[in-house]
Every structure is written in C-alpha cells, then in structure tokens.
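Observations on the three-dimensional arrangement
Now for the letters of each chain:
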Amino acid sequence: MLVFIIRRMLQSIVALLVMSVLIFVGVFVIGNPIDILINPQADQAEIARATAALGLDQPMWIQYWDFLRHALTGDLGRSFSQNVPAVQLILERMPATVELALCAMLMAILLGIPLGLVAGMKPDAWYSKTIMAGSILGFSLPTFWVGLMLIMVFSVFLGWLPSTGRGHTTLLFGVQVSFLNWDGLTHLMMPALNLALFKLSLLIRLTRAATREAMLQDYVKFARAKGLPMRRIVGVHVLKNILIPIVTVIGLEFGSLIAFAIVTETIFAWPGMGKLLIDSINVLDRPVIVAYVLIIVCLFVVINLVVDLMYSLLDPRVRLAGARA
Amino acid sequence: MTARLLSAAIIIAISLVPAAPACAAELVVGLGADVTSIDPHFNNAAPNNSIAEQIFNKLIENDARQNPKPALAESWRTVDELTWEFKLRRGVKFHDGSDFTAADVAFSIERPALLNSPSGFTVYTRPIIEKTIVDPYTIRLKTATPYPNLPIDMAGLIIVSSKAAKGASSADFDSGKATIGTGPWKFVRYVKGARIDLARNDNYWGAKPAWEKVSFRLITSDPSRIAALLAGDVQMIEVVPTADFGKLKANKDITIFTTISNRMIHLHLDSNRDKSPFITDKAGKPLERNPFKDARVRKAFSKAINRNAIVERVMESLAIPAGQLMPEGFFGVSPNLKPEAFDPEGAKKLLAEAGYPDGFGITLHGPNNRYVNDDQIVQAIAQMLTRVGIATKVETLPFSVYVSRGNKLEFSAALLGWGVTTGEATYPLRSLVATYNTAKGLGTWNWGRYSNPPMDALLEQALATVDNSKREKLLQQATELVINDYGLIPLHYQVNTWAARKGLSYTARTDERTYAHEVRPAP
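Residues numbered from 1 in each chain as written. Chains lettered and ligands numbered in written order. Predicted model: local features only at pLDDT ≥ 70, side-chain atom pairs only at ≥ 80, totals over all residues. Heavy atoms only, no water.

**Things to note about the overall build of chain A**
Across its full length, chain A holds 13 helices and two strands. Here the C-alpha coordinates of chain A stretch approximately 85 × 55 × 35 Å along the principal axes. Counted over contacts in chain A with a minimum sequence separation of 6, partners at least 24 positions apart contribute 73%. Total accessible area on chain A stands at roughly 15,500 Å², and carbon and sulfur atoms take up 72% of it. Separation of charge centres in chain A, based on 24 positive and 18 negative side chains, amounts to 18 Å. (Helix = DSSP H or I, 4+ residues; strand = E, 2+ residues; numbered from the N terminus. Contact = heavy atoms within 4.5 Å. Areas by Shrake-Rupley, 256 points an atom, 1.4 Å probe, with all protein chains shown as cover. Lys, Arg positive; Asp, Glu negative; His and termini not counted. Charge placed at Lys NZ, Arg CZ, Asp CG, Glu CD.)

Next comes the structure, spelled out in structure tokens:
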C-alpha cells in the first residue's frame, strides 16, 4: 500500500515537471505578456523597464530555471496583472469552483444513477425512452447555450433566480461557501445545474448500459430464482457490480468539472478559478497559468489515488500492492 | 445563432416582465471587463483606473468630453520653462479624516517607481526630476526639458494618502487597508473576479453621489450582462453589444446612453520596408517591391474602403466614420480633414497609375477579441479591397497573439484601435505615426514604420511648446501631413454605450469610464 502511494508520488512529480515545461514553452510561443499588459502610453524605454522588471528579457531557459528554483521553495511566482502570489490567487478562488463542481457532481450522481438503473431495467418502457432522449439532449446541447437559456427562462422571464454572480457567502471552516444561506443557494442552483447536465447524461447512459449487462448475469438470475426481492437484487447485487466503472468515470469527470468549469463560470459570472484562468490567458499572465495547471495536475493525481483506493473497497479482488500502476 | 435565439428570448422577456423597482439606496452596476487590482499605481489599465478614480482623486480630472478640469489642484501654471506650479485645494479630507496636503502629492509621484509593474504609472512621473513643496498647498514640479504635457500626465496619476499607503503592497489596497482616498466613494470590499462594493463619502469635497452604496459586478460575458440588466439584478451596464443594441433601445423599461468614443480604429500599412511579408502578386508569389511605399497605393487602399457601409452594417450604426486621429472636440483636431469618400473607381485609377493595373494580393490581419466587431470589420474591408483588384485574404487572431506579432512587424496591413486617453493629439501622433526612434521614445506602436520627417519636426516642436494656441496649430498641421500622406488609414471612431433601467440618467463619457457618482435618478 505504502509502496503504491510512494510510486504514485514519484510519477506525479514527473508529470508536474513535464506540464510546467509545456506551459512555459506554450506561453512563450503565444506572445510576450508585456505587449498586452503594457499601457499604450508607455514608450520604448518604459517597455524595456517593465520587461526587465518581470524578468522577461532573459532567455526562456533562464526564466524557466528561475521558476524552478523558486518553485522548489513553494513560490510559483506573482501574478503579472494582479501583483499577488499566483498560488494564493488560485486558492482564493478555488472554494467557489469546488463548491460548484461538488454541487454539480452531486446532482449528476443523485439523479443519474437512479435514472440509469430505471432505464436499464426496463429498457422498453416509455419512461426509459424519455430518460434516454433527455440524456441525448444533455449530451448534445452546448453548455454556453443551455446556460444562457437557463438565465433567460429563470431570471429574465420568470424572475425566480438571480442571473449571475455568487451572492452572499457564509464562513464554514475558514472557507466562504454559498450553500448555507438562501441567497447563496439561489445563486448556486443554475450554474450547478448547467455544469451537471453533461455529467448527468453521461452517468445515465453508463449506468443503463452496465445495468442491462448485469441483469443478464447468472448471479442475478440465481438471486431471482432464490426469490430475493427486486429491491435487494438491484440495490445490492447489481449496483455493487456496476459501480467500478461508474466510480472511475465519476472520479475523472469530477477532476474535469473542477478544471474546466470555465464556460459555466464565465456565463454565470461565477468567481471561480476557471474564470481566473480565462482572464489570465487573455493577458498571458504566465505565473497564474502555470500555477493553475500544476494545481490541476495535483488534483488529478489525488483524485486518481482516491479512485484506486475505492476500487479495493468496492471489490476485494483488487489488491493495490500488486497493482503496478 | 446564439445571438438570434437570445434576441428572440429577449423580445419575449421584454413584453412580459415588469420592471424590477430600483432601490434608491443602492446602485448595482454590471461591468464588462475584469478589474485586476485596487492598487491605483499598479496596473495602468482602463478597468482598474475606472474604479480607482471613484475612490481617489487626481490633481486634474477630465470631464465627460475629456476636457481637463481642476480637482485636487485648483489651478496650475508654469513658473519658468521647466517648472510647473500646482495650487492645491484646501479643506479636502481623506476617508480617514486626515488632511490632504502637498506631501501626499509628492508621495504619490514617488510611489509608481517603487512597484514592479508590467504597466506602470511611471509614464507620468518619469519626466519629473524634482519636487518642491512650497507650502502645504503649493507644489512645484520640475522637468529636465520643457514639458507642456505635465498637466495632462497629472490627469493620469492617482493621489493616495502618504500616511495610509506608506509601504503598502498591492494586497493592502485589495484588502482596503491602504485604500484611503479623497474621492466620492469609500472602499468597502473587493472580491476578486466578482464584485467591488463602495459606500458614499459624505464628506466629499465635490458633488455628492446620489446613492448610499454602489456595487460593481464583474460580468464579462456580453449576453449575461444584458440578461442581468433585463432581470433587474443590475440597474446599469456598460458596453452594450452592437447586436443587442436595437432590441434594448426598443425596450421601454431601458434607457440607453451613448457618446462618441476617444477610440479610433485604423489600419497600419507596412510602408517603409522594401519587401513586405504578406504582399504577393495575384498568383500568390511574394512581390519583389513593396507597393505601400507609394503613397498613391495607400490612398487607393483608403478610397476602396466604404466607411459608411462598415458603420451601418457591421457596427449597426454604433460608430462614426473617421477622417483623422481623434474625433471632433479634442485638442489638436484639424478642421480641414474629412473622412475619405468611398471611391472604388478612383482607387482603381490610382493603382493603375502606381503601376498595379491588375492590383496585387495581400493578407489583412486583425484581432478577434479586442475591439467591437473587430473580425467582422476586417472581413468587410477584405471584400471591399478585393472589389478594386487587391485580392485580400483575412487572418484574425486573439489579441494576446496578435499584439506580439504586430510589435515584431510580422504584418503587411493590420487593424489597431487607439483610445486617446490624454484627449490631445501628441499622444496618437507620438505613438502611431512618428518615425520609430527608441532614444526619443517615438513611434512605439508605429506598426507600419511610416516615416515623415517634416511631420516629426512639427511634432517635436509641439512637444516642447508650452503656449496652448501655438501647440494646437502645430498639432493640426502635423495631423494633416500624416493623414494626407496616408501614414495610417483611419476607419471609424467607436461609440461608447451604457444601458440602464428606466429612471436613471448617466452622462456618457468619451473615455469609456463608468462612474457611479455620475449616475443620477432621472429628473
């Protein structure tokens, strides 16, 4: 178990190094941050001063070396455009995104798995067909369009929910959260639903397919022959067996929800890290972009680790020590 | 497609939703661009300045048409060729109750140089080589060479409290610890990427705001900002997208405010090199000589462009055809220059005279996320040019990529916008069309590397002429030289737009600023 975790850590360090090089080179190729950040009133001398002040006059490999040296001490640099440490900036914005993603994932799981089970058990019933048709819509409608439509219907047309922003937040364990007060909750609902829609459809389809397969297995037939109630067959035997692929997908998708909530955050003006990333890319704020990607890589590493640990809980046949991951 | 559907939805919404009652005590405003810092000396970018200018004051401030007016300075004059004297307003208090004096001015001039900024305010403070505090309400600033633009520079520099901002970092301004100004609003809180809340300063020395509190929401997505206004979540928004302008205008619950912008959209033509990277013959083979070195070709280029069509079709009439560097009413505008008339036949004739009877091929470059409808403007121009025989391809890029390539002179013809924040002509002349010169700091953004030595001489003379009427004449002459030689091709001036729920009035500003203290209940 310990060996497994240590090996994972070593692998993730390599991943972090590779990602940091890629982003560094990528931003370098796109353009010079000074060109876009500088006030147009600046003359050549002022541009040269600003370039030197941010160390951008150095060759790329020296800039990267400086970055690495500082990164080893935990300093990923200061934001060019906001003048605060990049990591602090991202961590400040992270709770908003994590809350949104958790809320969306919860919606997707709580709705997706039951609906998928229903559709899998009775594939020909009219309600199953309705669920499947709905999931196709959830798959194929673009997020930004659904988001705008939600705003038009629930904010502009019906006036039930606030259109944008995060609303009031409450302090919980030192973190600002929205879901503990009514105003925050009303602000959270639409963006969470918008973000959940795609994952919801995915989970419905996945659960349905797995359920259909499981229902034909011998152990289900045997359980039915034994006279077990349907609730127990589905709730215990089927569900437990189909859960491994579903947990894998949930894990991966949760990472991507956090990392790529950008569209939803932009449309709903949700002050999360996705919006920070897009604003930073627009002005080539390299320290923030690099720090963001590195934090996301760490996040995926942790999520994958958790998923692997959950496998062994769900299925005793999976032995982590033997897994040469 | 999305815009269509949204528009349809807006129409339905307009007909069915009653107006949300505006709360008189608090004003909520939707802003269109991200505010990255509250530190007024860190990032010299319009969205940041717009917020800072409501919490703080400057010695001199601009009115809605960018005419300088006294603010913290009551008057200013030149003592000798090299020295400006500012008489400061008495009885002004900072938000913490301390008095504003010349020491605060001296401190604010020193502070920008201490920050490691990508876009500093040192552009305004660097010419000052010496500061003398004559008495608490008089300060003299000395420059190395005669510098008539010092008052204009001082209209760009925020005055902070020397006590509260001493040793303060940008984070101290974001948290409010150092955000002690003299302005109409006191800082309450700043949530990065989300909102800025301010409260009225009841001891303000000028006209007091009509609202007790104001909250600026950062809603950078255009359709979301409009939806927030229609839903009544915000009472006013800035930067109305042209596509939705007509629908909003027809809505009786919404009032629209517009004025001409100080932002001129233009084309730079690569006119100094012998070979230009994107100019080919009609078959696509690189051309041996650069046609833009010939002013007749540049003139043909200008004549081929139907500015009225761009304004009406692409900009939905939210622009004004441009004939020079700044719109009417700004300092240095020439009364003799008019927008180039659309004349495709004349363009063809000029091309033939210049030795290109069959035209040539070119790629026109433009940004696609910077100026209002920038990519559509470039496409429209490409079609117009193709019609007179200049086979034009189009390439549009995100501004972050575009601007770096432009600075490296990788384009043959490129679109750029220029907001004349100073309100006078030395700025666009110096930056866009003066001969590129690192030592003198001229031609910094001259992407075409256009060079006109007589114009340079006039400009340099103007930059050192303190007498206003003489300087204005010189600037008019310099502008005429550039425009008549097609040193750049002006296209149009943008129009600034705001939309508010009925019952509010706003004085639309040329400088794109959204000031909450200038929003009043409609009379």
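**Section: the overall build of chain B**
For chain B, the helix and strand inventory stands at 16 helices and 22 strands. Radius of gyration (C-alpha) of chain B: 24 Å, near the 24 Å computed for a compact globule of 523 residues. The principal-axis extents of the C-alpha atoms in chain B amount to approximately 75 × 65 × 40 Å. Going through the 523 residues of chain B one by one, you find that 60% of them count as buried. For chain B, the proportion of contacts with a sequence separation of at least 24, taken over those separated by at least 6, is 69%. In chain B, 61 side chains carry a positive charge and 54 a negative one; their mean positions are 1 Å apart. (Rg over C-alpha atoms; globule rule 2.2 N^0.38 Å. Buried < 20%, exposed > 50% of the residue type's maximum accessible area, 1.4 Å probe, protein only.)

**Some points on the sheet that holds strand β6 (residues 83–88) of chain B**
Residues and elements named next belong to chain B. As summarised here, the arrangement of the four strands in space is β5-β6-β8-β7, forming an open sheet in which the pairing is antiparallel. Since the sheet does not close on itself, it has two edges, and those belong to β5 (73–80) and β7 (128–135), each with one partner. For this sheet, the mean inter-axis angle between neighbouring strands, taken without regard to orientation, is 20°. Here β5 runs beside β6; their pairing, made up of six bridges, is antiparallel. By the bridge assignment, T78 is partnered in β6 with W84. Running over the sheet, helix α3 (residues 102–110) touches β6, β7 and β8 (138–143) and is turned about 170° from β7. (Pairing = 2+ DSSP bridges. Axes fitted to C-alpha atoms, helices over the stretch in contact; angles between N-to-C directions.)

**Side note on the pattern of salt bridges**
All told, the structure shown has 35 salt bridges over all chains when counted by the stated rule. Note that B:E340 and B:K303 form a salt bridge whose closest N and O atoms lie 3.4 Å from each other. With B:E340 in the loop between β16 (319–321) and α11 (344–353) and B:K303 in helix α9 (residues 295–304), the pair connects residues that are 37 residues apart, well separated along the chain. Among the residues examined, B:E340 registers a relative accessible area of 18% and is labelled buried. Salt-bridge contacts for B:E410 lead to B:R405; the nearest nitrogen and oxygen are separated by 2.8 Å. Taking the relative accessible area as the measure of exposure, B:E410 reaches 28% and is therefore partly exposed. What emerges from the salt-bridge pattern is a single network uniting A:D43, A:E46, A:R49 and B:R126. (Salt bridge = Lys/Arg side-chain N within 4 Å of Asp/Glu carboxyl O.)

**A short note on the pairing of strand β12 (residues 213–218) of chain B**
Residues and elements named next belong to chain B. Bridge count for strand β1 (residues 26–31) against β12 is six bridges, and the pairing is parallel. Its bridge partner lying in β12, L31 is registered against L218. Summarising the sheet, strand β11 (residues 195–200) and β12 pair through five bridges and their orientation is antiparallel. By the bridge assignment, D197 is partnered in β12 with S215.

**Description of unusual backbone geometry**
Not every positive phi belongs to a glycine, and A:A269 is a case in point at roughly 45°. Within the element layout of this structure, A:A269 appears in the loop between α11 (262–267) and α12 (273–282). Of the residues examined, A:A269 reaches a relative accessible area of 3% and is grouped as buried. For B:Q66, which is not glycine, the phi dihedral falls at a positive 65°. Within the secondary structure layout, B:Q66 lies in the loop between β3 (60–62) and β4 (68–70). Relative accessible area serves as the criterion here: at 3%, B:Q66 is assigned to the buried category.

**A short note on the nonpolar core**
Ranked by size, the top nonpolar core spans 113 residues in total, and within it B:L59, B:F86, B:F360 and B:L429 carry the most contacts. A total of six residues in this core trace back to one element, the largest contributor, which is helix α12 (residues 374–387) of chain B. What B:L429 contacts, discounting residues up to four positions off in sequence, is B:L325, B:A434, B:M455, B:L459, B:L475, B:A478, B:T479 and B:V482. Within the second largest apolar cluster, 66 residues are counted, among which are A:A96, A:M105, A:L188 and A:L195. (Core = buried A, V, L, I, M, F, W, Y, C linked by side-chain atoms within 4.5 Å.)

**What about the pairing of β11(B)?**
Residue and element names in this part refer to chain B. Here six bridges tie strand β10 (residues 185–191) to β11, and the two strands are oriented antiparallel to one another. Opposite W185, over in β11, you have R200 as the bridge partner. Hairpin connection, β10 to β11: the antiparallel pair is bridged by three residues, and G193 has positive phi, about 75°.

**Side note on the interface of chain B and chain A**
Across the contact, 63 residues belong to chain B and 50 residues belong to chain A. Together, the buried faces of chain B and chain A total about 4,600 Å²; carbon and sulfur atoms form 55% of this surface. Of all residues in chain B, B:P118, B:K192 and B:S400 bury the most surface against chain A, accounting for 13% of the area lost on that side. Linking chain B to chain A there are two salt bridges. Between B:R126 and A:E46 there is a salt bridge, and its shortest N-O distance comes to 3.8 Å. For the side of chain B that touches chain A, the class distribution of residues is 30 nonpolar, 27 polar and six charged. (Buried area = accessible area lost by both parts, 1.4 Å probe. Nonpolar A, V, L, I, M, F, W, Y, C, P; charged D, E, K, R; others polar.)

**Focus: the packing of aromatic side chains**
Residues and elements named next belong to chain B. Using the criterion set out here, one finds 22 aromatic pairs over all chains in the structure. Aromatic side chains F292 and F360 sit 6.1 Å apart centroid to centroid with 80° between the ring planes, which places their arrangement in the edge-to-face category. Of this pair, F292 sits in the loop between β15 (279–280) and α9 while F360 sits in the loop between α11 and β17 (361–367), and the two are 68 residues apart along the sequence. For the pair shown, F292 and F360 are each scored as buried. Taken together, the ring pairs connect Y371, F399, Y402, F411, W418, Y427, W445 and W447 into an aromatic cluster. A cation over an aromatic ring shows up here: R449 above the ring of Y436, its NZ or CZ 3.7 Å from the ring centre. (Phe/Tyr/Trp six-rings, centres within 6.5 Å; stacked < 30°, edge-to-face > 60°. Lys NZ or Arg CZ within 6 Å of the ring centre and 35° of its normal.)

**Here we look at a nonpolar patch on the surface**
On the surface, A:L2, A:I6, A:L10, A:I13 and A:L17 cluster together into a nonpolar patch covering about 500 Å² of accessible area. Position of A:I13 among the secondary structure elements: in helix α1 (residues 2–30). (Patch = residues over 30% accessible without salt bridge, like charges linked within 9 Å, V, L, I, M, F, W, Y side chains within 5 Å.)

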